[in-house]
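# Observations on the three-dimensional arrangement
Below, each chain spelled out in residue letters.
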Amino acid sequence: MGRHIVQRLLLSVPVLFGVLLIGFLLLQVVPTDPAVVLAGPLATADIVEAIRQDLGLNEPLWYQFALYIGRVLQGDLGKSIISNLGVAEELGRTLGPTLELLVACLVWAIPLGIAMGTLAAVARGRIADRIIMAFSVAGVSIPVFFLGLVLIWYVGYKLQLLPFTGRGGPLWSWEGIQHLVLPALTLGGVFVGPIARMTRTTVLEVLSADFVRTARAKGLSEPRVVVRHALRNALIPIVTLIGLQIGFLLGGAVVTETMFSWPGVGRLAVGAILSRDFPVAQGAIIVLALAFLLINLAVDVLYAFLDPRVQRR
Amino acid sequence: MTDVAVPSPAVAAMATRRSVAYRLLREPTAFVSTLFLVLVVVAAVLAPWIAPYDPYFTDQAKALRPPFEDPSYLLGTDAQGRDMLSRLLYGTRLTLLMGLVALVTGGGLGALVGILAAYYRCVDGLLMRTMDVLLSFPAILFGLAIAAITGPGLTPIVIALAIATVPLLARIARSTALVVMQQDYIDAARSVGLGDAAIIRRYLMPNCLSSIFVFMTLRFGQIILIGAALSFLGLGAQPPTAELGTMAANGRDFLFFAPHIATVPSLSIFAIVLAFNVLGDALRDVLDPRLRQ
């Protein structure tokens, strides 16, 4: 298992390098001179030149890249052109809310998806299976913004049941929870379908395995066979498959945050891109890419941990 | 056995394709999806001829009409008084085109990479590790990064979707090509002295096409969905361009008193992606006998 994890870590080095390179190039190909942008419209030529010196903009490109990596590793991602706050500081404030949203989505979507998928597999070919699978394929196909719009319009506006803009406060307050419900429903709503589909396929495969037949032959009750024997063995591939869907989830989170004015990384990134605030956009994209890498790595390690076949290698 | 004409791989592939199509269309859901998609594509292609109005013609006097009220504006009008039905037709056209261009360029490039990796084993490792790196990023991140560089627009979205498609198709094409490479006719072609380029073009590529095609169909719905999400964020086609995601984003401002402006384009994206996914599922069931009951 140690070797597997080391291999996986080594593979993320070029990826990490790629992320930083893209982040760096982002500021290079921008049509305007970063020094001019940072100096502001009223700056004199001397000030611009001083900033150029300061940022190392007169040095060769590879040297600038090295300087840039050094700065990023020290947590210095530059300053926002618009708010003049440190990018790292702005990003720091958005991580919590994004994490909150992701967790709030996963806590209901994963159990529901697994339950639906298992039920469909057990009832294979019958009406329950068909209904669940119809729901799942709809869930896979619905644009996340459509679900959000419907929830905002119906639950938020028509029924006036729940708030739909911004974050209400800390998670432990009543306000905070109320504000979290609709975004979490939106994001989770498009995630239940994929999970249910993957679970159904995996459980179906396991249900035809020899040890399930043995369990049945022993006279175990059907619920016991399904939950204790089939589902337990199906969980390993399900965990991996859920991990593979993280990119999809991250994309959904960006849209959900923007729709509900949820103060997370995704909304920050989109806002920065639209207002051409390059340092913030770059920082947010790097953070999103890193988060994605880390989650993938965690899923891989978890997989190695869960699956004895990988463990032995 | 010797006097039986051996069908050329291309003919054999065609015969299987025909029976696949037949089995596919016997499934009611697949049949309905296919019919719907054909209608959508025809309507999109014919948009300039069948749209009742110019999708960009504004008329404030007719703004915000609800759907199904005035027969001359079947789907109502938007905040600028533009006809929703005409915009829907043009929007579908642009959205489908966006997905198609991304799918064909990204998928084509990926398929080429995969086939080359399978044929020239010396570059296999390098090519596929590069694909792994690309695969490490979700499409939405490519979209954000490219839009950050170039500014919002249709082209960055198409490029992002294409890049995200390359590694997926490379994997599929490689594994298919590896199977094809073990066939006798590849050895035969080599033994009669055909060069690498000829073997790849005449034997390897045609025999990988059907799996590549199937996978592309499966992928198309996802591409449309991601493209629409990026447009909805304001990173894609800019208003007043009629594109489904952009139209849905514009409708957001009028959600509470004219919900149809946002829901009509959103619903049609939903329907198109749903049809592609249902069709993809049916196709997989037909092609993968293991999953058939």
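Procedures and definitions
- Residues numbered from 1 in each chain as written.
- Chains lettered and ligands numbered in written order.
- Predicted model: local features only at pLDDT ≥ 70, side-chain atom pairs only at ≥ 80, totals over all residues.
- Heavy atoms only, no water.
- Helix = DSSP H or I, 4+ residues; strand = E, 2+ residues; numbered from the N terminus.
- Buried < 20%, exposed > 50% of the residue type's maximum accessible area, 1.4 Å probe, protein only.
- Contact = heavy atoms within 4.5 Å.
- Areas by Shrake-Rupley, 256 points an atom, 1.4 Å probe, with all protein chains shown as cover.
- Lys, Arg positive; Asp, Glu negative; His and termini not counted.
- Charge placed at Lys NZ, Arg CZ, Asp CG, Glu CD.
- Disulfide = S-S within 2.5 Å.
- Buried area = accessible area lost by both parts, 1.4 Å probe.
- Salt bridge = Lys/Arg side-chain N within 4 Å of Asp/Glu carboxyl O.
- Nonpolar A, V, L, I, M, F, W, Y, C, P; charged D, E, K, R; others polar.
- Core = buried A, V, L, I, M, F, W, Y, C linked by side-chain atoms within 4.5 Å.
- Patch = residues over 30% accessible without salt bridge, like charges linked within 9 Å, V, L, I, M, F, W, Y side chains within 5 Å.
- pLDDT = per-residue confidence, 0-100.
- Phe/Tyr/Trp six-rings, centres within 6.5 Å; stacked < 30°, edge-to-face > 60°.
- Axes fitted to C-alpha atoms, helices over the stretch in contact; angles between N-to-C directions.
- Left-handed = near helix turned anticlockwise from the far one by under 90°.

## What about the overall build of chain A?
Along chain A, the regular secondary structure elements total 14 helices and zero strands. Based on the C-alpha atoms only, the size of chain A along its principal axes is roughly 85 × 55 × 30 Å. Of all 313 residues assigned to chain A, the portion counted as buried reaches 47%. Looking at chain A alone, contacts between residues at least 24 apart form 70% of all its contacts between residues at least 6 apart. For chain A, the exposed surface amounts to about 15,400 Å²; the carbon and sulfur share of it is 67%. Charge separation in chain A, taken as the distance between the mean sites of 24 positive and 18 negative side-chain charges, equals 19 Å.

## Some words on the state of the cysteines
Residues and elements named next belong to chain B. According to the stated counting rule, one finds zero disulfides over all chains in the structure shown. Not engaged in a disulfide, the cysteine Cys 122 finds its nearest cysteine sulfur in Cys 208; these two sulfurs lie 18 Å apart. Cys 122 gets classed as exposed once you look at its relative accessible area, which sits at 72%. The exposure class of Cys 208 is buried, given its relative accessible area of 0%.

## Comments concerning the interface of chain B and chain A
At the junction of the two partners, chain B supplies 42 residues and chain A supplies 43 residues. Of the roughly 3,700 Å² buried between chain B and chain A, counting both surfaces, carbon and sulfur atoms make up 79%. When the buried surface of chain B facing chain A is broken down by residue, Ile149(B), Leu233(B) and Phe256(B) rank first, second and third, together holding 16% of it. Where chain B meets chain A, there are one salt bridge. Salt-bridge contacts for Arg197(A) lead to Asp281(B); the nearest nitrogen and oxygen are separated by 2.9 Å. With 12 residues, the single largest contributor to the side of chain B that touches chain A is helix α11 (residues 260-287) of chain B. For the side of chain B that touches chain A, the per-class residue count stands at 29 nonpolar, nine polar and four charged.

## Side note on the pattern of salt bridges
All names here are of chain B. All told, the structure shown has 13 salt bridges over all chains when counted by the stated rule. Between Asp 70 and Arg 65 there is a salt bridge, and its shortest N-O distance comes to 2.9 Å. Each of Asp 78, Arg 82 and Arg 87 takes part in one network of salt bridges that share partners.

## Focus on the side chain of Glu100(A)
Residues and elements named next belong to chain A. Structurally, Glu 100 is set in helix α5 (residues 87-122). Judged by its relative accessible area of 12%, Glu 100 falls in the buried class. Among all residues touching Glu 100, those that are not within four sequence positions of it are Arg 167, Leu 171, Leu 180 and Trp 262.

## Describing the nonpolar core
With 157 residues, the main nonpolar core has Leu144(B) and Leu204(B) as its most contacted residues. Sorting elements by how many residues they give to this core places helix α9 (residues 196-232) of chain B first, with 16 residues. If we ignore the near neighbours within four places in the chain, the residues touching Leu144(B) are Ala269(A), Val270(A), Ile273(A), Ile285(A), Leu288(A), Leu230(B) and Leu235(B). Residues Ala117(B), Met131(B), Val166(B) and Ala170(B) belong to the second largest nonpolar core, which totals six residues.

## As for a positive patch on the surface
All names here are of chain A. A cluster of basic side chains, namely Lys 218, Arg 224, Arg 228 and Arg 232, defines a positive patch on the protein surface. Take Arg 228: it is sitting in helix α10 (residues 222-244). Arg 228 sits in the partly exposed class, given a relative accessible area of 44%.

## Side note on the environment of Ala115(A)
Mapped onto the secondary structure, Ala115(A) falls in helix α5. For the pair Ala115(A) and Leu10(A), spaced 105 residues apart in the sequence, the C-alpha separation amounts to 36 Å.

## Concerning the confidence of the model for chain B
All names here are of chain B. Scored by pLDDT, chain B comes out at a mean of 87, with 92% of its residues at no less than 70. Put simply, helix α1 (residues 9-26) is where chain B has its lowest mean pLDDT, 66, and helix α4 (residues 84-119) is where it has its highest, 95. Low pLDDT (under 50) marks residues 1-7, which in the prediction has zero contacts with non-local residues, meaning those over four places away or in another chain. Both scores are available for the predicted complex, with the pTM at 0.88 and the ipTM at 0.88.

## Observations regarding the packing of aromatic side chains
Summed over all chains, the structure comprises 17 aromatic pairs over all chains. Taking the centre distance of 6.1 Å and the plane angle of 55° together, the rings of Phe146(A) and Phe270(B) count as tilted. Of the two residues, Phe146(A) sits in helix α7 (residues 144-158) while Phe270(B) sits in helix α11, which places them in two different chains. Taken individually, Phe146(A) and Phe270(B) each receive the classification buried, so the pair is uniform in this respect. Taking the centre distance of 4.2 Å and the plane angle of 15° together, the rings of Tyr157(A) and Phe256(B) count as stacked. With Tyr157(A) in helix α7 and Phe256(B) in the loop between α10 (244-251) and α11, this residue pair bridges two chains.

## As for the packing of α4(B) against helix α7 (residues 154-181) of chain B
Residues and elements named next belong to chain B. Following both chains from N to C, one finds α4 and α7 inclined at 35°, their axes separated by 5 Å at the closest point. Note on packing geometry: the crossing formed by α4 with α7 is right-handed. Across the contact of α4 with α7, the residue classes tally to 24 nonpolar, six polar and one charged.

## A few points about a nonpolar patch on the surface
Residue and element names in this part refer to chain B. A surface patch of nonpolar side chains, amounting to about 660 Å² of accessible area, comprises Val 38, Val 41, Val 42, Val 45, Leu 46, Trp 49 and Ile 50. Mapped onto the nonpolar patch, the elements with two or more residues apiece are α2 (28-45) and α3 (47-50). Counting residues per element, the nonpolar patch draws most heavily on α2, at four residues. Structurally, Val 45 is set in helix α2.

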